[in-house]
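Topology and contacts: notes
Each chain, written out:
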Amino acid sequence: MERKTHSRQSRWVGSSQFCNKNRKYLLQKQILKLRKILIHLQKKSEMKEELEERLVKKYPKFFEYLKDYKGPLIPIQFGFECGDGWYVLIDSLMESIYNHIESRKKHPHTQIKSKFWRAIMPRLHKSVRYSKKIYKLVNKIEKKLKKENIPAPYVDIIQVKEKFGGLRFYINGGDDYIYGMISLAEDMSYRTCEFCGSTKNIGQTSGWITTICKDCFDKGSRVNSKNWNPIDE
Ligand SMILES: [Zn+2]
């Protein structure tokens, strides 16, 4: 028995450098394989690589923080973990965020001024709302904000995935305006088929919740559930 154990050890551990290197390589390969399986199990669906690449190339700024990352799973560490049907939704969201940041770079005060109009004005009494004094006050604040030059927000896209049938879009940075846009896109995902992007005949599967149109559900190999219920319009 002892002899057997000894022979097994010498076979796998070995004493030569070559054997150690080989073992390390095999171990690394196995870890990578295991990691891929784990990610596959966690993911219900994933976006086509070609579409992922298109988004990353279109908006490289959101992924700059990943430039030193050398793992196998780019563009985001775990890719876009949702179906192709939400591509247009995600693309529109990223474009809006990008445009917002660019406009804030050019006119840092404008968003704050419009926020002031939207937040303060409705609360004022009609008689004072359009008075010259208010206009003068707003212009004064605008000038002050221009001088202070509040910097444009930055955005790092950390994770994009599907959860409980809806889009989840996680970022670092941003501002209230951007959080509002993300919230709108996430709400819209509950009315958009995750597989084909259609907004007609949308429903959800029970059990493992997926937002999917009737046609895609009937074709159905991608969904584990047998029950489909239309969403309340
Ligand atoms: Zn569909």
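These figures come from a predicted structure and were not determined experimentally.

1. Comments concerning the nonpolar core
Residues Ile90 and Leu93 are the most contacted members of the largest nonpolar core, which totals 19 residues. Residue assignment for this core shows that the elements contributing at least two residues are helix H4 (87-106), strand E2 (155-163), strand E3 (166-173) and helix H8 (176-189). Counting residues per element, this core draws most heavily on H4, which supplies six residues. Beyond its immediate stretch of four places on either side in the chain, Ile90 contacts Leu55 and Val160. Counting residues in hydrophobic clusters, the runner-up holds seven residues, among them Phe195, Ile212, Cys216 and Val223.

2. What about unusual backbone geometry?
The phi torsion at Phe164 lies on the positive side, around 50°, for a residue other than glycine. Among the structural elements, Phe164 can be located in the loop between E2 and E3. Positive phi is not limited to glycine here, since Asn201 has a value of about 50°. Secondary-structure assignment places Asn201 in the loop between H8 and strand E4 (202-205).

3. With respect to the pairing of E3
As judged from the eight bridges shared by E2 and E3, these two strands associate in the antiparallel manner. Across the sheet, residue Ile157 finds its bridge partner in E3, namely Ile171. The turn joining E2 and E3, which pair antiparallel and follow one another in sequence, is formed by two residues; a positive phi near 50° is taken by Phe164.

4. Concerning the sheet that holds E4
Ordered in space as E5-E4-E6, the three strands form an open sheet in which the pairing is antiparallel. Edge positions in the open sheet fall to strand E5 (211-213) and strand E6 (228-230), since each of these has one partner strand only. This sheet shows a mean twist of 45° between the axes of neighbouring strands, independent of strand direction. Alignment of E4 against E6, held across three bridges, turns out to be antiparallel.

5. Notes on the packing of H4 against H8
Axis angle and axis distance: for two packed helices, these are the angle between their axes and the distance between the axes, and together they describe the pair. Here H4 crosses H8 at 170°, and the two axes come no closer than 10 Å. Comparing the axis directions of H4 and H8 gives the class roughly antiparallel. For the pair formed by H4 and H8, the contact residues are Leu89, Leu93, Ser96, Ile97 and His100 on the first element and Tyr177, Ile178, Met181, Ile182, Ala185, Met188 and Ser189 on the second. Partitioning the contact of H4 with H8 into residue classes produces nine nonpolar, three polar and no charged.

About the criteria used
- Residues numbered from 1 in each chain as written.
- Predicted model: local features only at pLDDT ≥ 70, side-chain atom pairs only at ≥ 80, totals over all residues.
- Core = buried A, V, L, I, M, F, W, Y, C linked by C-beta atoms within 7 Å.
- Buried ≥ 20, exposed ≤ 12 C-beta atoms within 10 Å, placed from the backbone.
- Helix = DSSP H or I, 4+ residues; strand = E, 2+ residues; numbered from the N terminus.
- Contact = placed C-beta atoms within 7 Å.
- Pairing = 2+ DSSP bridges.
- Axes fitted to C-alpha atoms, helices over the stretch in contact; angles between N-to-C directions.
- Parallel < 35°, antiparallel > 145°, perpendicular 65-115°, else oblique.
- Nonpolar A, V, L, I, M, F, W, Y, C, P; charged D, E, K, R; others polar.

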